[in-house]
Amino acid sequence: MDTAEVATQTKRSALKPHSKKSVRTKEEVIEIETKIKSCEFEVFGIVQDVSFRHYTLRRAQKLGIHGWCMNSEYGTVVGLIQGCLRSFEAMRLWLTYTGSPTSRIDKCVFGPTSDLDDFTFDEFTIRI
């Protein structure tokens, strides 16, 4: 059977050539991956007395995040995170959706994100 005779695509679903996309150089990729992002956060819900800060510390250490977190007087957890783009975004997702096993996150609010040349904290800590 000749394959030219078999029509498996309609005009609408026919494959189209890829559009030309900009290609990044190796130096540009390295620069993007080494830029440090920083922002403050506040997590609302049941996040105190459920080991939220300790799980946050462990996750930050695992991802290479610098900064701090602490309980606020309003029943929330506040803090600041700094990290390379991929780790920074992973930490934001963890704070927004995961947290500690016994916590309940209602919402997580992030402040403006800024770019840094270097970390302003040596590690991630829990403040009292």
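For the structure itself, look to the data block above.
Everything numeric here is computed off the predicted structure, so don't read it as measured data. (Residues numbered from 1 in each chain as written. Predicted model: local features only at pLDDT ≥ 70, side-chain atom pairs only at ≥ 80, totals over all residues. Heavy atoms only, no water.)

A. A look at helix α2 (residues 52-63). Taking 1.5 Å per residue, twelve residues should reach 16 Å; α2 reaches 16 Å between its end C-alpha atoms and fits that length. Taken together, the buried positions of α2 are occupied by Phe52, Thr56, Leu57 and Ala60. Along the axis of α2, the buried residues cluster in a sector spanning 135°; they form a single face. Facing away from the buried side of α2 by more than 90 degrees, the exposed set consists of Arg58, Gln61 and Lys62. Those residues of α2 hidden inside the fold are in contact with β1 (36-46), β2 (66-71), β3 (77-84), α3 (85-97), β4 (104-110) and β6 (124-126). Phi for Gly64, located one or two positions after α2, is positive at around 75°. (Helix = DSSP H or I, 4+ residues; strand = E, 2+ residues; numbered from the N terminus. Expected span 1.5 Å × (residues − 1). Buried < 20%, exposed > 50% of the residue type's maximum accessible area, 1.4 Å probe, protein only. Arc of directions from axis to C-beta. Contact = heavy atoms within 4.5 Å.)

B. Highlighting the nonpolar core. Of all hydrophobic cores here, the largest spans 19 residues; its most connected members are Phe41, Val43, Phe52, Ile81, Met91, Leu95 and Phe124. Where this core is concerned, the elements lending two or more residues are β1, α2, β3, α3 and β4. The leading source of residues in this core is α3, at four residues. Once residues lying within four places of it in the same chain are set aside, the contact partners of Phe124 are Thr56, Leu57, Ala60, Ile65, His66, Gly67, Trp68, Cys69, Leu80 and Ile81. (Core = buried A, V, L, I, M, F, W, Y, C linked by side-chain atoms within 4.5 Å.)

C. Region of the structure containing the side chain of His66. Structurally, the position occupied by His66 is in strand β2. Reaching out from His66, the side chain makes a polar contact with the backbone oxygen of Phe121 at a distance of 2.6 Å. A polar contact of 3.3 Å, which involves the side chain of His66, links it to the backbone oxygen of Asp122. With sequence-adjacent residues up to four places away left out, His66 is seen in contact with Leu80, Ile81, Gln82, Phe119, Phe121, Asp122, Glu123 and Phe124. (Polar contact = N/O pair within 3.5 Å; in protein donor to acceptor, adjacent residues only side chain to side chain.)

D. Here's a closer look at α3. The end-to-end C-alpha distance of α3, which contains 13 residues, comes to 18 Å, matching closely the 18 Å that a straight helix rising 1.5 Å per residue would cover. Here α3 has its buried residues at Phe88, Met91, Trp94 and Leu95. Within α3, the buried residues cover an arc of 125° as seen down the axis, which keeps them to one side. Those residues of α3 that are exposed and angled more than 90 degrees off the buried face are Arg86, Leu93 and Tyr97. Of the surrounding secondary structure, the elements contacted by the buried residues of α3 are β1, α2, β3 and β4.

E. A look at the pattern of salt bridges. Under the defined criterion, the tally for this structure stands at two salt bridges. A salt bridge links Lys37 to Asp115; the nearest nitrogen and oxygen atoms lie 2.7 Å apart. Of this pair, Lys37 sits in strand β1 while Asp115 sits in strand β5 (residues 114-116), and the two are 78 residues apart along the sequence. Notably, a salt bridge pairs Arg104 with Asp106, separated by 2.9 Å at the nearest N-O pair. (Salt bridge = Lys/Arg side-chain N within 4 Å of Asp/Glu carboxyl O.)

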